[in-house]
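Coordinates in review
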Amino acid sequence: MPKGKKTTLKAIEKPAAFGPDLDVEAFKRETSYWPACKISTLPRDIAQRALSVGISTEEKERAGTYFQIDHSAILQTIRETFSGKAEIMSTKKALKKYRWAKEYWWEIVDANTDKFTALAKLKWDQGYFIRVLEGQKITIPLQACLFISKDNFNQNVHNLIIAEPNSEAQIITGCTVHPNVQSGLHVGISEFYVQKNAKLTFTMIHNWAQNFNVRPRTAALVDDDATFVSNYMCMKPVKSLQMYPVAYCKGANSRVRFNTILHGNQNSHLDVGSKVVLQGKGSRGEIITRAIASDNAQINARGLLVGEHEDSKAHLECRGLLLSDEAYIHAIPELVGNVKGTELSHEAAVGKIAEEQIQYLMARGFSQTEAESLIIRGFMDINIFGLPDALKRDVKRMIDATFGGAL
Amino acid sequence: MLRIENLTVEIAGKRVLGGVNLEVPKGEIHVLLGPNGSGKTSLITSILGFPSCHILSGNIRFNGTDITTMPTDERVKLGIGVAFQNPPQIRGVKLGDVLRHLTKGKIDEVKLAGTTNIPVDFFGRDLNLGFSGGELKRTEILQLLAQRPDFAIFDEPDSGVDVENLEVIGKAINEFLKNRSGLLITHLGHILRYLKVDKAHVMFYGTIACSGKPTNIINRIMKKGYKWCERCPKVKKLR
Ligand SMILES: Nc1ncnc2c1ncn2[C@@H]1O[C@H](COP(=O)(O)OP(=O)(O)O)[C@@H](O)[C@H]1O
Ligand SMILES: [Mg+2]
């Protein structure tokens, strides 16, 4: 793919294929430098927001941490137990340290895709590099937090994640802003390489602000017998969020699963999808999406399965729940079969809570509010996502906090 | 305990009940018979006060309180409980969570499940999703046993249940109804082998066509079917 600066400069004018267009010049780029610190000495307001996106400040709960505020990587540590097994550092540092790293850089995401990819190339502010070394199983999660401390600020990160052959790891990424931040633009490029027989579970949790704009650009390359699981969750207001990550099941028997939980509220505009391209023999894909729209939220829930190998199979399931008459959900599942033998299927449903279900639960003594909350939390049943236990508890806690407490 | 007077109800613009009178005194168990579509389930949803049931006239009293316009959950708090004929599926809501809400830690759900022949792994399943006909009936009864209402209504608990489970259900209901009051709806009457009831009512065309000693009525209907009732002048008059 063309990598010249000229084409990239041209792309800076190019609107994205989906989502509302934005003037990328409208945001500030200047900010002060944040000095390095320990996770335990993070300012309280920052730590609390980080916690809301699954970032633990208890060192022992995570194998390693990357923490970036605005443009500064303030923390990039791996716990001693895991040193030599996994690495975590800023991508600027990694590209200096490892010459080979640039072979993975802008390789599966094209900088000329749209103005946001171009912006990330022209004005790049760090991001994290995570490498899980060959054969290593990292038993507790690695975490990365991308944080914005200033209002109306533009942050462009570029992340590179490599799970080497036969390795296994879980990564939690939390992206959030300081409580004083109302508006801004976050662009995040992520390139994942899940190599032979590796297993990578990636969970990303977003908690932005009412006038904030978010444009992640993600691609994953999945090799022979490798598994990539990507969980995404956004439950809090945002002005606009548009992303359409893609996973290429290139290897034989490669597996990909995208799980997405969206709650659009207030005036949020969410345009979120997942794409799986089945290229390897025996490759399998699954996309599961749960979207709830309340208030005036607008949600486009996309999904695309592309079957390019005759022995390949994938399924897409998208369910949308409307909690307000002003809210809108458009489920757009697409299947593209390029060869015979590929098996692609989808099911999609959008609707409001069935009156009959509320009545039934009320007949068991639940109040109307309890019944609704129970049904909504059931709709957001995270058991179907197969999350690791610790993370499942965190996510469940977030869902309960949003849709009414536990029974 | 339950006293219904001259109840006329419309559902979706259709008159489903016309002038129902029914009284179940405290400590009694009554059986309500009637052909499909005669309005038995509509009577139950009216007793529960589902918003789809539009009351055109009449009233419902429970323990002396007029509950005709009371919200469903408040009626339930007064001590009315129903095992439904066709419960809806609710994705993601676990049977175990509902049971725990109902028992409030006062009784052992696992033991209770045993009495209705429901394996414990059902607690982790989504409510009514992928349950067989018999499993639906048994989990409905299980929930009612966990709820422990003073007045228990069973809407066709015996329909579509195999012989072994019919006995399980019959015994569970019989045991539960000791010292309680209730209304048992049955289309075919199989369940009555295991239960002693105080009075029988037969519903036709949205109203109670006759009431009386259970043995007489039940035996006739079991032998000759509802066709026999259709020849009865009381029913003919209703058409
Ligand atoms: N929601 C509804 N919409 C339209 N008709 C209904 C509805 N519920 C019940 N009915 C009608 O009311 C009549 C009585 O039904 P039901 O009470 O279920 O009878 P039963 O329980 O005795 O078989 C039937 O004709 C049925 O079709
Ligand atoms: Mg019925």
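Position numbers for residues start from 1 in each chain and track the written sequence from start to end. Chains and ligands are labelled by the order in which they are written, letters from A for the one and numbers from 1 for the other. Reporting in this predicted model follows two pLDDT cut-offs: at least 70 for local features of residues, and 80 or more for side-chain atom pairs to be given and counted; totals over whole chains, interfaces and linings ignore these cut-offs and use all residues. As a rule here, side-chain values come from all non-hydrogen atoms in the structure, and water together with hydrogens is ignored.

1. Focus on the overall build of chain A
Just so we agree on the cut-off: Under the scheme used here, helices are H or I runs from DSSP no shorter than 4 residues and strands are E runs no shorter than 2 residues, and both carry numbers assigned from the N terminus. Partly exposed residues are those whose accessible area sits between 20% and 50% of the maximum for their type, while under 20% is buried and over 50% is exposed, using a 1.4 Å probe and protein chains only. Only the protein chains shown count as covering a residue, and every accessible area follows the Shrake-Rupley method with a 1.4 Å probe.
Secondary structure summary: chain A contains seven helices and 20 strands in total. Overall size of chain A, expressed as C-alpha extent along the three principal axes, is 65 × 55 × 45 Å. For chain A, the residues scored as buried account for 59% of the 407 residues in total. Carbon together with sulfur atoms contributes 49% to the accessible area of chain A, which is approximately 16100 Å² in total.

2. What about the nonpolar core?
A general tendency of soluble globular proteins is for nonpolar side chains to be buried together. This is how it is decided: Nine residue types can take part in a nonpolar core, namely buried Ala, Val, Leu, Ile, Met, Phe, Trp, Tyr and Cys, and a core is a set of them joined through side-chain atoms within 4.5 Å. Each domain's extent is set by a domain assignment, obtained either automatically or from a database. Whether two residues are in contact is decided by their heavy atoms: any pair within 4.5 Å suffices.
In terms of nonpolar packing, the biggest core is built from 120 residues, with F67 and L361 of chain A together with L43 and F154 of chain B touching the most fellow members. Domain assignment of the residues forming this core places at least three in each of domain 1 (3-353) and domain 2 (354-407) of chain A. Among residues more than four places away in sequence, those in contact with F67 of chain A are L42, I46, A50, I55, S72, A73, I74, L75, C145 and F147 of chain A. In this structure, A144, I148, F153 and A314 of chain A belong to the second largest nonpolar core, which totals 64 residues.

3. Structural notes on the pairing of strand β14 (residues 255-264) of chain A
Residue and element names in this part refer to chain A. The cut-off we apply is this: Two strands make a pair as long as DSSP finds a minimum of two bridges between them.
The buried fraction of β14 is high, at eight of ten residues. Taken together, the eight bridges between strand β11 (residues 227-234) and β14 define a ladder with parallel strand orientation. Bridge assignment links Y232 to a residue of β14, and that residue is T260. Strand direction decides the pairing type here: β14 and strand β16 (residues 283-293), joined by ten bridges, are parallel. Paired with R257 across the bridge in β16 is E286.

4. Considerations on the coordination of the magnesium ion (ligand 2)
Which entries qualify depends on this criterion: In this listing, donors mean N, O and S atoms no farther than 2.8 Å from the metal, or 3.2 Å for Na, K and Ca; water is missing from the atoms, so a site can look incomplete.
Coordination of the magnesium ion (ligand 2) by the protein is provided by T41 of chain B (OG1) and Q85 of chain B (OE1), with metal-donor distances spanning 2.0 to 2.1 Å. Separated by 44 residues along the polypeptide, T41 of chain B in helix α1 (residues 40-48) and Q85 of chain B in the loop between β6 (80-83) and β7 (90-94) bring together distant segments of the chain.

5. Concerning the side chain of E109 of chain B
Residues and elements named next belong to chain B. Let me state the cut-off plainly: Polar contacts, as used here, are pairs of N or O atoms within 3.5 Å; protein pairs need one atom able to donate a hydrogen and one able to accept it. Residues neighboring in sequence count only if both atoms are side-chain atoms.
Inspection of the secondary structure puts E109 in helix α4 (residues 109-115). At 2.8 Å, the side chain of E109 and the side chain of T103 are in polar contact. Excluding residues within four positions of it along the chain, E109 makes contact with L99, R100, T103 and F123.

6. Notes on the sheet that holds strand β9 (residues 151-155) of chain B
All names here are of chain B. Applicable threshold: Only the contacting stretch of a helix is used when fitting its axis, a line to C-alpha atoms as for every element, and angles between N-to-C directions run 0 to 180 degrees.
Spatial strand order, β6-β9-β10-β3-β11-β12: six strands in an open sheet with mixed pairing. Looking at strand neighbours, the two that pair on one side only are β6 and β12 (207-212), the edges of this open sheet. In this sheet, adjacent strand axes meet at a mean angle of 20° when their direction is disregarded. Seen against the sheet, helix α5 (residues 133-147) touches β6 and β9 and runs at an angle of roughly 165° to β6. Where helix α6 (residues 163-177) meets the sheet, its contacts fall on β3 (29-33), β9 and β10 (181-185), and the angle it forms with β9 comes to roughly 160°.

7. Notes on the interface of chain B and chain A
The condition that has to hold: Accessible surface is computed with a 1.4 Å probe, and the buried area is the amount of it that two parts give up when combined, taken over both parts together. The salt bridge criterion pairs a side-chain nitrogen of Lys or Arg with a carboxyl oxygen of Asp or Glu, the two atoms within 4 Å. All residues other than Ala, Val, Leu, Ile, Met, Phe, Trp, Tyr, Cys, Pro, Asp, Glu, Lys and Arg, Gly among them, are scored as polar; the first ten of these are nonpolar and the last four charged.
Taken residue by residue, the interface counts 28 residues in chain B and 22 residues in chain A. Of the roughly 2000 Å² buried between chain B and chain A, counting both surfaces, carbon and sulfur atoms make up 62%. When the buried area of chain B at its contact with chain A is split by residue, P88, R91 and H101 of chain B rank highest and sum to 26% of it. Our enumeration of links across chain B and chain A arrives at two salt bridges. Measuring nitrogen to oxygen at the nearest pair gives 2.6 Å for the salt bridge that ties R364 of chain A to E140 of chain B. Secondary-structure elements contributing two or more residues to the side of chain B that touches chain A are α2 (72-78), β6, β7, α3 (95-103), β8 (126-127) and α5 of chain B. Looking at the side of chain B that touches chain A, the element that brings in the most residues is β7 of chain B, giving five residues. For the side of chain B that touches chain A, the residue count by class is 14 nonpolar, seven polar and seven charged.

8. Topic: helix α5 (residues 355-362) of chain A
In terms of burial, α5 of chain A is a largely internal element, six of the eight residues being buried. When α5 of chain A is considered as a whole, its buried residues turn out to be Q357, I358, Q359, Y360, L361 and M362 of chain A. On the buried face of α5 of chain A, the contacting elements are α6 (368-379) of chain A together with α2, β7, α3, β8 and α5 of chain B.

9. Focus: the site of ligand 1
All names here are of chain B. So the rule is basically this: Any residue with a non-hydrogen atom lying within 4 Å of a molecule or strand is treated as near it.
Around ligand 1 sit I11, A12, K14, V16, P35, N36, G37, S38, G39, K40, T41 and S42, and that is every residue in its neighbourhood. At 2.7 Å, a backbone N or O of G37 approaches an oxygen atom of ligand 1. The protein chains hide 63% of the 560 Å² of surface that ligand 1 would expose on its own. Going through the elements one at a time, β2 (14-24) and α1 are the ones with two or more residues in the shell around ligand 1. Here the element with the most residues in the shell around ligand 1 is α1; it accounts for three residues. Tallied by class, residues from the shell around ligand 1 come to four nonpolar, six polar and two charged.

10. A closer look at the pairing of strand β10 (residues 211-222) of chain A
Residue and element names in this part refer to chain A. With ten of twelve residues buried, β10 lies mostly within the body of the structure. Across twelve bridges, strand β8 (residues 183-194) lies against β10 in parallel orientation. Each residue of the ladder has a partner; that of E191, found in β10, is A219. Of the strand pairs in this sheet, β10 and strand β13 (residues 246-249) are connected by four bridges, and their pairing is parallel. Across the sheet, residue A220 finds its bridge partner in β13, namely A247.

11. Describing the environment of V132 of chain A
Residues and elements named next belong to chain A. Here V132 shows up in strand β4 (residues 128-132). Taking the C-alpha atoms as reference points, V132 and E356, separated by 224 residues in sequence, lie 50 Å from one another. Setting aside residues up to four positions removed in sequence, V132 forms contacts with K85, A86, I138, I162, A163, E164, S167, E168 and A169.

12. Topic: the domain arrangement of chain A
All names here are of chain A. By the assigned domains, chain A splits into domain 1 (3-353) and domain 2 (354-407). The gap between the C-alpha centroids of domain 1 and domain 2 is 26 Å. Contacts between domain 1 and domain 2 engage 28 residues on the former and 21 residues on the latter. Taken together, both faces of the contact between domain 1 and domain 2 bury some 2000 Å²; the carbon and sulfur share is 79%. The largest share of the area that domain 1 buries against domain 2 comes from I261, R290 and I353, three residues that together contribute 31% of it. Joining domain 1 to domain 2, the criterion identifies zero salt bridges. The tally of links between domain 1 and domain 2 comes to three residue pairs in polar contact (both at pLDDT 80 or more).

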